[in-house]
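# Per-entry structural report
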Amino acid sequence: MPDIFERKTRETRGEWIITRLIQAAGYSSILFVLMIFYFLIANGMPVLGEIRFSDLFSTIWYPIENYYGILPLILGSLVVTLGAALVGVPIGILTAVYISEIAPSWAKEVLKPLIEILAGIPSVVLGFLGILVLSPFLRESLNLPTGLTALAGSLLLGAIAIPTIVSISEDALNTVPKSYREAALALGTTRWQTIWGVTLPAARSGILMAVMLGIGRSIGETMTVMMVTGNAPVMPKSLGVLFAPIRTMTATIASEMGEVAGGSPHYHVLFFIGIILFLITLGVNVMASRIAFRTRKRSEQVLS
Amino acid sequence: MGVVKQFILLGLILLLAACQAGEGSTSTPAAASMYIENKGSDTMVNLALAWAERYQQLHPEVSLSVTGGGSGTGIAALVNNTVGIANASRKIKQEEINEAEANGITPVEFTVARDAIGIIVNHENPIDELTLQQLADIFTGRIDNWAELGGQDLEIVRLSRETNSGTHVYFLETVIRLGSKENHDIFSRDTLLLPSSEGIITEVRDNPHAIGYDGLGYITAEVKVIAVAKDANSPYILPSVDTVNDKSYPIARDLYMYTPGVPSPAVKAYIEWIQSSDGQQLVRELGFVPITP
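The structure presented is a predicted model; accordingly, all values stated were derived computationally and were not measured. (Residues numbered from 1 in each chain as written. Chains lettered and ligands numbered in written order. Predicted model: local features only at pLDDT ≥ 70, side-chain atom pairs only at ≥ 80, totals over all residues. Heavy atoms only, no water.)

## Brief notes about the overall build of chain B
On a plain count of helices and strands, chain B comes out with 10 helices and 10 strands. A burial count over chain B gives 52% of its 293 residues as buried. Across chain B, every contact between residues at least 6 apart in sequence was considered, and the portion connecting residues at least 24 apart equals 71%. Per element, the accessible surface of chain B, about 12900 Å² overall, is 55% carbon and sulfur. (Helix = DSSP H or I, 4+ residues; strand = E, 2+ residues; numbered from the N terminus. Buried < 20%, exposed > 50% of the residue type's maximum accessible area, 1.4 Å probe, protein only. Contact = heavy atoms within 4.5 Å. Areas by Shrake-Rupley, 256 points an atom, 1.4 Å probe, with all protein chains shown as cover.)

## What to know about the overall build of chain A
Of regular secondary structure, chain A possesses 13 helices and two strands. Here chain A has a C-alpha radius of gyration of 24 Å; the compact-globule value for 304 residues is 19 Å, and the former is much larger. C-alpha extents for chain A along the principal axes are approximately 75 × 65 × 35 Å. In chain A, which comprises 304 residues, the share counted as buried stands at 44%. Here the analysis covers contacts within chain A between residues at least 6 apart in sequence; of these, 73% occur between residues at least 24 apart. Per element, the accessible surface of chain A, about 16000 Å² overall, is 69% carbon and sulfur. (Rg over C-alpha atoms; globule rule 2.2 N^0.38 Å.)

## Details of the pattern of salt bridges
Across all of its chains, the model carries 21 salt bridges over all chains by this definition. In this structure, a network of salt bridges that share partners links the residues R247 and E256 of chain A together with E162 of chain B. (Salt bridge = Lys/Arg side-chain N within 4 Å of Asp/Glu carboxyl O.)

## With respect to the interface of chain B and chain A
Facing the 33 residues of chain B at the interface are 35 residues of chain A. Taken together, the two surfaces of chain B and chain A that pack against each other cover about 2900 Å², and 62% of this comes from carbon and sulfur. Summed over the shared surface of chain B and chain A, the number is two salt bridges. One salt bridge in this structure joins E162 of chain B and R247 of chain A, with 3.1 Å as the shortest N-O distance. Our count for the contact surface shared by chain B and chain A stands at 10 residue pairs in polar contact (both at pLDDT 80 or more). Every element with two or more residues in the side of chain B that touches chain A is listed here: α1 (3-31), α3 (71-79), α6 (166-176), β7 (192-194) and α7 (197-206) of chain B. (Buried area = accessible area lost by both parts, 1.4 Å probe. Polar contact = N/O pair within 3.5 Å; in protein donor to acceptor, adjacent residues only side chain to side chain.)

## Focus on helix α9 (residues 265-275) of chain B
By the burial criterion, the buried members of α9 of chain B are A266, V267, Y270, I271, W273 and I274 of chain B. Seen end-on, α9 of chain B carries its buried residues on one side only, within an arc spanning 155 degrees. (Arc of directions from axis to C-beta.)

## Remarks on the domain arrangement of chain B
Residues and elements named next belong to chain B. Each domain of chain B was delimited in the assignment, giving domain 1 (34-114 + 253-285) and domain 2 (115-252). A separation of 27 Å is found between the C-alpha centroids of domain 1 and domain 2. Contacts between the two partners involve 13 residues from domain 1 and, on the opposite side, 13 residues from domain 2. Of the roughly 1100 Å² buried where domain 1 meets domain 2, counting both sides, 45% is carbon and sulfur surface. In terms of surface lost to domain 2, no three residues of domain 1 exceed T43, R114 and R253, which account for 58% of the buried area on that side. Applying the counting criterion to the domain 1 and domain 2 interface returns two salt bridges. Among the salt bridges present, the one from R161 reaches D42, with a minimum N-O distance of 3.6 Å. (Domains from an automatic or database assignment.)

## Some points on the packing of aromatic side chains
One pass over the structure, following the stated rule, counts 17 aromatic pairs over all chains. Considering the side-chain rings of F39 of chain A and F271 of chain A, the 5.5 Å spacing of their centres and the 80 degrees angle between planes classify their relative orientation as edge-to-face. Of this pair, F39 of chain A sits in helix α1 (residues 2-44) while F271 of chain A sits in helix α13 (residues 265-303), and the two are 232 residues apart along the sequence. Here Y55 of chain B and Y270 of chain B contribute two aromatic rings whose centre-to-centre distance is 4.7 Å and whose plane-to-plane angle is 55 degrees, an arrangement assigned as tilted. Of this pair, Y55 of chain B sits in helix α2 (residues 45-58) while Y270 of chain B sits in helix α9, and the two are 215 residues apart along the sequence. When its relative accessible area of 4% is taken as the criterion, Y55 of chain B is described as buried. Through a chain of ring-to-ring contacts, three or more aromatic side chains come together here, namely F139, F171, F187 and Y213 of chain B. (Phe/Tyr/Trp six-rings, centres within 6.5 Å; stacked < 30°, edge-to-face > 60°.)

## Overview of the confidence of the model for chain A
Detailed conclusions should not be drawn from predicted coordinates in areas where pLDDT is low. Averaged over chain A, the pLDDT score is 89; the fraction of residues at 70 or greater is 93%. By mean pLDDT, the top-scoring element of chain A is helix α4 (residues 71-102) of chain A (94), and the lowest-scoring one is α13 of chain A (81). (pLDDT = per-residue confidence, 0-100.)

## Some thoughts on the nonpolar core
Residue and element names in this part refer to chain B. L135, I211 and I251 are the most contacted members of the largest nonpolar core, which totals 45 residues. Among the elements of the structure, β4 (107-121), α5 (132-140), β6 (157-161), α6, β7, α7, β8 (210-215) and β9 (224-229) are those that each provide at least two residues to this core. Those residues in contact with I251, other than ones at most four positions away along the chain, are D115, A116, I117, I119, L132, L135, Y170, T174, V175 and V228. V45, L255, M257 and Y270 belong to the second-largest nonpolar core, a separate cluster that totals 27 residues. (Core = buried A, V, L, I, M, F, W, Y, C linked by side-chain atoms within 4.5 Å.)

## Re unusual backbone geometry
Notably, N66 of chain A is not glycine yet its phi reads approximately 65 degrees, a positive angle. Considering the arrangement of structural elements, one finds N66 of chain A in the loop between β1 (61-62) and β2 (67-68). Overall, the relative accessible area of 57% leaves N66 of chain A in the exposed class. Phi is positive for L178 of chain B, which is not a glycine, with a value near 50 degrees. Structurally, the position occupied by L178 of chain B is in the loop between α6 and β7.

## Concerning a nonpolar patch on the surface
All names here are of chain A. Together, W106, V110, L114, I117, I121, V124, V125, F128, L129, L132, V133 and M223 make up a nonpolar patch on the protein surface, roughly 1100 Å² of accessible area in all. Contributions of two or more residues to the nonpolar patch are made by α5 (105-120) and α6 (123-142). Per-element accounting of the nonpolar patch gives the leading share, six residues, to α6. Mapping V125 onto the fold places it in helix α6. (Patch = residues over 30% accessible without salt bridge, like charges linked within 9 Å, V, L, I, M, F, W, Y side chains within 5 Å.)

Rendered as structure tokens:
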């Protein structure tokens, strides 16, 4: 008997250590986010004392001559991301519907790994394809002065967002109970009516979350947009800007951070852009997780 | 064990790790004296690599590491004393010298080669020659269509290197502002800022709308080089070794190496070798212009 007791205490001690380790790992991610945020704030906020607010939110970005207007960069990122959503969301959701609802099992087995491969393509490779193939194609087929445009960035970012949207939407569709579909089919609806009227609405929150995470993925993407969007800090005036070069926040930070002198206003502005980017992605992620939370609450209500 | 305690523990671990890393990095430069770190100008990076490669064959005891990143990056590293030799395609600025001196470093300058910026267009473009004033008008956006210069009726697409490139700054000062300090013109805002020389060559090769500029060493036969005149009364000159050395080509400059303080014997020997006819032979091979004919 005492033997068993001893083993038990040893086991609990081992478990205690493992639990603490896991706990520390969990807390560390909070710590890291806080430390990153502190770092951004500490390096980005001084800009408010160095550059007048009206100059900061003006329309000319040419930092080597002290023009620090970040509006074209913010709008540039938004335009490219919006374009990416227009490309990636329909294709992503339709692919997920096809894989989850329509495809025969052999097609599923081919498509799913292929989409995972798409997720694994390094963004610099996509950018390379963009320069050599996509941008000349866009220039010739749309008769544009140059193919290095927001559109090229949007198409490639759409491709980057698709795997995220597909895999999360597909998970959401798979969690819709089979009985829903059976009930709908029993009522005499066609397969299309079932998908459109029953399965998709039931998985709506999961799909919205997929869209949000896909958008979050594309707004933070750097290498591809830096290579294909032309990086001209033009102030977008209309939707026609999709067919013109544009400069995003991420490309600006990536291409200028290496050169800038530490502690200069330019350095602080780049961190300030980082704060804005951080807040935008944070907002998108919070929205995504609130949608997920709402689903859980609603399904609990249905069950009770 | 409370959450707070765990946080403190974690903090201590991170702090210790940071201290260790800090110590490690400060002790390395002193340990390996035959190791030379060479960093800076992207214009010069291929040249610097060729020098390093040849020099290491001749002197196996010397180990050289070459990285690019732009002249500003190299000089910033010089100011922070994290580099043995900084490459720059522009002269060091007074404010950078001040920053270096605040860190106890006196930058020493060596001219190691010359470079010319070539103006390039697509082979389909009928324009062959431009004046500096016309180039300034094109790149500031005052001229927006090739037809205004007697070319095809095509919108002009302007290509430039990123603002962190020494070539960008040099072009801004020499062409857009025509060398005048009072002139505060800047690039037209729809100028495409491409992160690499290859990106510019690729776009000009494919696009009849495009005009770009790049170091002579990077220009390939895939694009057409424009002859440039200082003003309307001067002859139009194509960039070449001869026209740069006799100073008739208007967009040419010297390339520099900077050392933090008086160079160590190993660094000094390396730079002297670069300036010798042996080193300058490589300059010629890579499409730059040697400092001694």
